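# Structure at a glance
Here are the chains, one letter per residue:
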Amino acid sequence: MDMRAVAVVIAVKRLDAAKTRLTPTIAADDRRALVLAMLTDTIAAARAAGLHQLVIVSPDSSVAAVALDAGASTVVDDGEVLNDAFALGIEHALTLWPGHRILVLQADLPAARPASLRAAVDHSAQHDRSYIPDHSGTGTTALFLNAHQPGGADVLRFGPNSASEHRGRGAVDLTAGVDRWPDLRMDVDTVDDLLAAQDIGVGQATSLVVSRLQLREQTQTPGATAPADGP
């Protein structure tokens, strides 16, 4: 599929509210730096895959600065509801690029590889709606939508158990029965997630942040579990 016919929509919440499950292992300033670094690497992977039509939705000016530096279009929202932010981004993307297929992508995929993104786009082309579940199988890291029926709040179900929610609304699991794209499934909500992403291989921006944190010498907060879909 022609990558030029796909628009990518990414949403990021306020940095002071992002990745709180990394507390107290990672301090607030480092969490903010990490979120921006993961966004930078996610955008870089998308652009390297040939996905140059990008919309970043966030209430945070630092996020907008990263997006603009990467050549992405930006939209300001209130940062309260993730699915509303994605819907706003889709609307903006289709205004800029009418008729484009939509890829709703999570912002915390620092291990994403361009080859995997290209393959995922190709595999999604035969379906009106399809998705990639996260490494736990419960969340969603990517959702593909046809331009003629992109939908809104009735289609976008990011949040708890979003994989089953998207599947229940007609989206096809692109990894069903096939072990593929671990890099695209590796979203980061906990320190363990971050270490696993590092084992796969993270992008340059994330690597620079992680290298100074010495995370392997620390332990994750006992009993912490990762909530799905929280960029």
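Look above for the structure.
Residues numbered from 1 in each chain as written. Predicted model: local features only at pLDDT ≥ 70, side-chain atom pairs only at ≥ 80, totals over all residues. Heavy atoms only, no water.

## Some words on the overall build of the protein
The cut-off we apply is this: A run of H or I in DSSP counts as a helix once it spans at least four residues, and a run of E counts as a strand once it spans at least two, with each numbered from the N terminus. Throughout, the radius of gyration refers to the C-alpha atoms, and the reference size of a globule is 2.2 Å times the residue count to the power 0.38. Residue exposure (1.4 Å probe, protein chains only): buried if accessible area is under 20% of the type maximum, exposed if over 50%, otherwise partly exposed. Shrake-Rupley sampling with a 1.4 Å probe provides the accessible areas, and residues are treated as covered by the protein chains on show and by no other component. As used throughout, the charge tally considers Lys and Arg to be positive and Asp and Glu to be negative, leaving His and the chain termini uncounted. Lysine's charge is taken at NZ, arginine's at CZ, aspartate's at CG and glutamate's at CD.
When helices and strands are counted, the protein shows eight helices and seven strands. Whereas a compact globule of 231 residues would reach a radius of gyration of roughly 17 Å, the protein reaches 16 Å, a difference of no more than 12%. When the backbone C-alpha atoms are referred to their principal axes, the protein occupies close to 50 × 40 × 30 Å. Taking all 231 residues of the protein together, 53% fall into the buried category. Counting every atom, the protein has about 9500 Å² of accessible surface; 50% of that belongs to carbon and sulfur. Charge centroids of the protein, computed over 19 positive and 28 negative side chains, lie 3 Å from each other.

## Structural notes on helix 8 (residues 204-211)
Short version of the rule: An arc is given here, and it is the one of the directions from the helix axis to the C-beta atoms.
Among the residues making up helix 8, those that are buried are Ala205, Thr206, Val209 and Val210. Projected down its long axis, helix 8 carries its buried residues within an arc of 125°, all on one side. Away from its buried face, by an angle of more than 90 degrees, helix 8 presents the exposed residues Gln204, Leu208 and Ser211.

## Some remarks on helix 7 (residues 191-200)
For the record, the criterion: Contacts are assigned to residue pairs with any non-hydrogen atoms lying within 4.5 Å of each other. For this analysis, a polar contact is any N or O atom pair within 3.5 Å, provided that within protein one partner can donate a hydrogen and the other can accept it, and provided that sequence-adjacent residues contribute only side-chain to side-chain pairs.
All of the buried residues along helix 7 are Val191, Asp193, Leu194, Leu195 and Ala197. Lining the buried residues of helix 7 we find helix 1 (28-48) and helix 8. For helix 7, the capping residue at the N-terminal end is threonine 190, with a side-chain oxygen 3.4 Å from the backbone nitrogen of aspartate 192.

## Description of the sheet that holds strand 6 (residues 140-145)
Applied cut-off: Should DSSP find at least two bridges between two strands, the strands are regarded as paired. Axes here mean lines fitted to C-alpha atoms, for a helix over just the part in contact, with angles spanning 0 to 180 degrees between N-to-C directions.
If you walk across this open sheet you meet the seven strands as 3-2-1-4-6-5-7, and the pairing is mixed. Two strands in the sheet have a free side with no partner beyond their single neighbour: strand 3 (73-75) and strand 7 (172-173). The sheet contact formed by strand 2 (residues 53-57) and strand 3 spans three bridges and is parallel. Counterpart to valine 55 in the pairing with strand 3 is serine 73. Contacting strand 1 (6-11), strand 2 and strand 4 (101-105), helix 1 crosses the sheet at an angle of about 160° to strand 2. Against the sheet, helix 4 (residues 114-124) makes contact with strand 1, strand 4, strand 5 (129-133) and strand 6, and its axis sits at roughly 45° relative to strand 6, the strand it touches most.

## Considerations on the pattern of salt bridges
Formally: Counted as salt bridges are all cases of a side-chain nitrogen of Lys or Arg within 4 Å of a carboxyl oxygen of Asp or Glu.
Counted according to the given criterion, the structure contains six salt bridges. The closest approach of N and O atoms between arginine 212 and aspartate 30, which form a salt bridge, is 3.4 Å. Of this pair, arginine 212 sits in the segment after helix 8 while aspartate 30 sits in helix 1, placing them 182 residues apart in sequence. Glutamate 165 serves as the salt-bridge partner of arginine 169, at 2.8 Å between the closest nitrogen and oxygen. Residue glutamate 165 is classed as partly exposed on the basis of its relative accessible area of 30%. Residues joined by salt bridges that share partners form a network here, namely Lys19, Asp108 and Asp189.

Note that every value here comes from positions in space, so none of it alone points to a role or purpose.
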